[in-house]
Amino acid sequence: MDLTAPSAVAPRAGTVPRGLAPAGVVLTGTLLSLFGASWDLEWHNDVGPDTFFTLSHLLMYAGSAVAGLGSLVVVLRTTARQRAGLPIDPVVGGGAVGVFGRTFSAPAGYLVAGCGAASFLLYGLWDQWWHGIYGFDAEIGSPPHVGLLLSISVTLTGALMIFASARRQTWGVVGTILAAGALFAFSMITAYATKELPTGAVNAFDVVTAFLAVVVVMTGSFVLDRRGAAFAVTAVVAVLQAILWPYSESATVWYARVEGLPMRDYLDPSPLHASMIPFVLLAVGAIIEAARGRAPAWLAGLVGGAIIGACAPVQSAWLAHQPLPGLTVVAATAVAAAAAGAVGGFLSLRFGTMLSRLAPGAGHPVSGSANGSTTPEVNHA
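What you are looking at is a predicted structure, and each value in this text was computed from that prediction instead of being measured.

Draft legend 1. Fine view of the overall build of the protein. Counting its secondary structure elements, the protein contains eleven helices and two strands. In the protein, which comprises 381 residues, the share counted as buried stands at 51%. Long-range pairs, those at least 24 residues apart, make up 74% of the contacts in the protein between residues at least 6 apart in sequence. Surface exposure of the protein reaches about 16100 Å², of which carbon and sulfur atoms provide 69%.

Draft legend 2. Focus on a nonpolar patch on the surface. The grouping of F53, L55, L58, W254 and V258 at the surface amounts to a nonpolar patch, some 500 Å² of accessible area in total. Listing elements by their share of the nonpolar patch, those giving two or more residues are α2 (55-83) and α7 (229-259). Its place among the elements puts W254 in helix α7.

Draft legend 3. Structural view of the packing of aromatic side chains. Per the stated rule, a full pass over the model turns up ten aromatic pairs. Each ring, one from W39 and one from Y255, has its centre 5.8 Å from the other, and the planes form 80°; the classification is edge-to-face. Here the residue W39 occupies a position in helix α1 (residues 20-46), and Y255 occupies one in helix α7, the gap between them amounting to 216 residues. Arranged with centres 6.1 Å apart and planes meeting at 80°, the rings of F279 and W318 form a pair that is edge-to-face. Of this pair, F279 sits in the loop between α8 (272-276) and α9 (281-290) while W318 sits in helix α10 (residues 297-319), and the two are 39 residues apart along the sequence. Aromatic rings pair up to connect F35, W39, W43, Y247, W254 and Y255 into one cluster. A cation sits over an aromatic face here: R350 above F346, 4.3 Å from the ring centre.

Draft legend 4. Region of interest: the packing of α1 against α2. Contact pair α1 / α2: the axes reach a minimum separation of 7 Å and the direction vectors enclose 165°. Relative to α2, α1 is oriented roughly antiparallel. The two elements α1 and α2 cross, and the hand of that crossing is left-handed. Within the contact between the two elements, α1 uses P22, V25, V26, G29, T30, L32, S33, F35, G36, A37, W39 and D40 and α2 uses L55, S56, H57, L59, M60, G63, S64, V66, A67, G70, S71 and V74.

Draft legend 5. The environment of G172, seen in detail. Note that G172 resides in helix α5 (residues 170-191). For G172, a relative accessible area of 0% corresponds to the buried category. Residues G172 and L20 lie 152 residues apart in sequence; the distance between their C-alpha atoms is 8.0 Å. Leaving out residues up to four positions away in the same chain, G172 has contacts with F163, A166 and R167.

Draft legend 6. Up close: the confidence of the model for the protein. Looking at the protein, pLDDT values average 84 and 86% of them are 70 or higher. Low confidence marks residues 370-381, where pLDDT is under 50. Its contacts with residues over four positions away, or in another chain, come to 42 contacts.

Draft legend 7. Broad picture of the nonpolar core. Formed by 77 residues in total, the largest nonpolar core has its most connected members in Y110, F184 and F186. The biggest single contributor to this core is α5, with 13 residues. Not counting the four nearest positions on each side in its chain, F186 is found in contact with S33, L34, A37, L149, I152, S153 and L156. Among the nonpolar cores identified, the runner-up in size contains six residues, and W39, W43, A251 and Y255 belong to it.

Draft legend 8. Broad picture of α2. The end-to-end C-alpha separation of α2 is 42 Å, in line with the 42 Å expected for 29 residues at 1.5 Å each. In the stretch just after α2, G85 is the one whose phi turns positive, near 75°.

Quick notes on the rules
One numbering rule holds for all chains: residues counted from 1, following each sequence as written. Given that this is a predicted model, residues contribute local features only at a pLDDT of at least 70 and side-chain atom pairs are listed and counted only at 80 or more, while totals for whole chains, interfaces and linings are drawn from all residues. Only heavy atoms go into the side-chain values, all of them from the structure, while hydrogens and water stay out. Counting from the N terminus, the helices are DSSP H or I runs at least four residues long and the strands are E runs at least two residues long. Each residue's exposure class comes from its accessible area (1.4 Å probe, protein chains only) as a fraction of the maximum for that residue type: buried when under 20%, exposed when over 50%, partly exposed otherwise. Two residues form a contact once any of their heavy atoms are found within 4.5 Å. All accessible-area figures derive from a Shrake-Rupley calculation using a 1.4 Å probe, and residue coverage is judged against the displayed protein chains alone. To count toward a patch, a residue needs a relative accessible area over 30% and no salt bridge; like charges are then connected within 9 Å, while nonpolar side chains (Val, Leu, Ile, Met, Phe, Trp, Tyr) are connected within 5 Å. Here, a salt bridge means any side-chain nitrogen of Lys or Arg that lies within 4 Å of a carboxyl oxygen of Asp or Glu. Working definition: rings of Phe, Tyr and Trp (its six-membered ring) pair if their centres are within 6.5 Å, and the pair is stacked with planes under 30 degrees apart, edge-to-face with planes over 60 apart, and tilted otherwise. For a Lys NZ or an Arg CZ to count as sitting over a ring, it must be within 6 Å of the ring centre and within 35 degrees of the ring normal. Axis lines are fitted to C-alpha atoms, over the contacting stretch for helices. Their N-to-C directions set the angle, which ranges from 0 to 180 degrees. Angle categories: roughly parallel below 35 degrees, roughly antiparallel above 145, roughly perpendicular from 65 to 115, and oblique for all the rest. The hand of a helix crossing depends on one turn: near helix anticlockwise from the far one by less than a right angle means left-handed, and clockwise means right-handed. Known as pLDDT, the predictor's confidence for each residue is given on a scale from 0 to 100. Only buried Ala, Val, Leu, Ile, Met, Phe, Trp, Tyr and Cys residues count toward a nonpolar core, and they belong to the same one when joined by side-chain atoms within 4.5 Å. Each helix should span, by expectation, one fewer than its residue count multiplied by 1.5 Å.

Following this line, the structure appears as structure tokens:
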């Protein structure tokens, strides 16, 4: 069965819904990259140097390869149908977009996911060159690593677009929630580079975390336009956090023993990636749900950002077994994160509107309030 072909006939019992298989391939690839990157971050933190061909790197490369090849297959099949004059089903990744004129026709979601995977390959070649020139790489924030992380983020965004195109289907709803949760969990690794920014009493990473949390969670809620969506996204993040907490550290210890490398004498008491994810994210998801129909998007984002910003310094100090930060630090971070959250809420309404229009027959499913009701215009932004 052609996965890009539209059909007015309901699928028979036991058959895979149209579009689910390639979407599942892309999501699986992004999850492999997520777990590989979490492992790699812990390796840099607990062991230090690495080479190009470590298992954590290979897991990331394999994930991008799976997502990239899955996207390429859909693009080629869509192009073949377009050239044959056959209709294209927008449920499969969204409407077709012309690439290089009309040389290729690519569903929007698969185009973004495929471009992210392709750029990952280019940054991977740069990373290999980097290791060839400098040998061991002891820092996660090297230029090719930042490019690799941004590429995976783009692929995850493409996965979110793919499932948003099928948001009227049950599998599209579930996939959107999973993709949004994975996107935020992975974005913590990308945002880690901001820890070194000189921002005084305010930790730039905590502010960026608040912004990303509000944008991803509220965008997922606006795309699906249903009760419980925001909380469901935060629940997926919590599940990923619970899995990544023992995984990244145990994988690092095991691989260090296999390679005969010593662990650092002074290790962080908690796994780096999982401990960066806010513990209060579920509460923020509940607050965003409570704000539906009662507050504009920017105000819900402001409150959510303030909560994350106020709790982040306390969470970091607690996990590191350090003294709690002073009131000035907490207040300054909360204010900055609240402002970032308000901007995130404002943008999430726009992002949610754009993504929801990928679904066939979508009109204006998102309102300006945090209630997700259908209105002909975007208001109260």
